[in-house]
Amino acid sequence: SEKPGDWNGEVVSNTSDGKIRGCTVTRVDGTISEWTIQIDGQEADLGKFSEAVYRKITSDAKQQQFQGFRPGTIPPHILPTYIGFAIDECARESTLEALQQNNIRPFENARTEIEFESISILSPKKKSKKKRKKKKKGGADATSEEAPLAVEDMGPKWLTFDTMKEAISAGWKPGQTFSFVAKNVKGQQLNDQDVSGSSPLSGNASLM
């Protein structure tokens, strides 16, 4: 069976041709093998992907026996670790998938060297109530009392954090979407070649 780290990127796909939407790949100025990648979590459907990753690792964990807990029970203090793994794994696989569909073959250590920033999550929807106007004494100048009205905020709001840990602390959970920027992404641009199934290149590979 697959181990938690054996994701091949297919689960992140949300199109019939196996590609993900919402990714922007930009070469870093002055370099030939370093890239910055932006992933729009809503377009790429990262909520669904992160949920799949989390479900897989927690399913595997339930097969283990934790001291002091019944079989099939995961200690609550371990769950945050699995949540952190889910968002990190989802982001790394999405980044590598973006490279592949842009005909860029990642270097051997590219996966572990990726750095993430600008982690954006959707804030919870809140409703606000209009305050009632108080009646003035005397009656003549009194204003009618308004019934409280529930007013929804205008659309979802995005909250942006420097790290994934901060995003999780703010309430992100597997199954919810998130967007991010990946930096220090290393790979070789290939010319009109299919990189699917290709082996990663070593960092000192000659560039064409």
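Before going into details, it helps to say that this report is about the structure given with it. Just so we're clear, the structure is a prediction, and the values are computed from it rather than from any experiment. (Residues numbered from 1 in each chain as written. Predicted model: local features only at pLDDT ≥ 70, side-chain atom pairs only at ≥ 80, totals over all residues. Heavy atoms only, no water.)

## Overview of the side chain of R92
Here comes step 1: You can see R92 is positioned in helix 3 (residues 79-101).
Here comes step 2: Given the relative accessible area of 14%, R92 is considered buried.
Here comes step 3: Within the structure, the side chain of R92 is placed 3.4 Å from the backbone oxygen of I114, a separation counted as a polar contact.
Here comes step 4: Beyond its immediate sequence surroundings of up to four residues, R92 is in contact with R111, T112, I114 and F116. (Helix = DSSP H or I, 4+ residues; strand = E, 2+ residues; numbered from the N terminus. Buried < 20%, exposed > 50% of the residue type's maximum accessible area, 1.4 Å probe, protein only. Polar contact = N/O pair within 3.5 Å; in protein donor to acceptor, adjacent residues only side chain to side chain. Contact = heavy atoms within 4.5 Å.)

## Thoughts on the pattern of salt bridges
Here comes step 1: Scanning all chains against the criterion turns up six salt bridges.
Here comes step 2: Residue E51 pairs with R55 through a salt bridge whose shortest N-O separation is 3.7 Å. Of the two residues, E51 and R55 both sit in helix 2 (residues 46-61), four residues apart, roughly one turn of that helix.
Here comes step 3: You can call E51 partly exposed: its relative accessible area is 37%.
Here comes step 4: A salt bridge links R111 to E93; the shortest N-O distance between them is 3.2 Å. (Salt bridge = Lys/Arg side-chain N within 4 Å of Asp/Glu carboxyl O.)

## So, the nonpolar core
Here comes step 1: If you look at the biggest cluster of nonpolar residues, it comprises 37 residues, and the most contacted ones within it are I39, Y82, F116, I119, F178 and F180.
Here comes step 2: Those elements that provide at least two residues to this core are strand 2 (34-39), helix 2, helix 3, strand 4 (115-122), helix 5 (164-169) and strand 8 (178-189).
Here comes step 3: The greatest single-element share of this core, amounting to nine residues, is contributed by helix 3.
Here comes step 4: In contact with I119, other than residues within four places in its own chain, are I87, L159, T160, F161, D162, T163, M164, A167, F178, S179 and F180. (Core = buried A, V, L, I, M, F, W, Y, C linked by side-chain atoms within 4.5 Å.)

## Some words on the environment of D162
Here comes step 1: Position of D162 among the secondary structure elements: in the loop between strand 7 (158-161) and helix 5.
Here comes step 2: A C-alpha to C-alpha distance of 6.2 Å links D162 and I119, two positions 43 residues apart in sequence.

## A look at unusual backbone geometry
Here comes step 1: One non-glycine residue, D45, lies in positive phi territory at about 60°.
Here comes step 2: Tracing the backbone shows D45 in the loop between helix 1 (41-44) and helix 2.
Here comes step 3: Positive phi, close to 60°, is recorded for N184, a residue that is not glycine.
Here comes step 4: By the element assignment, N184 lies in strand 8.

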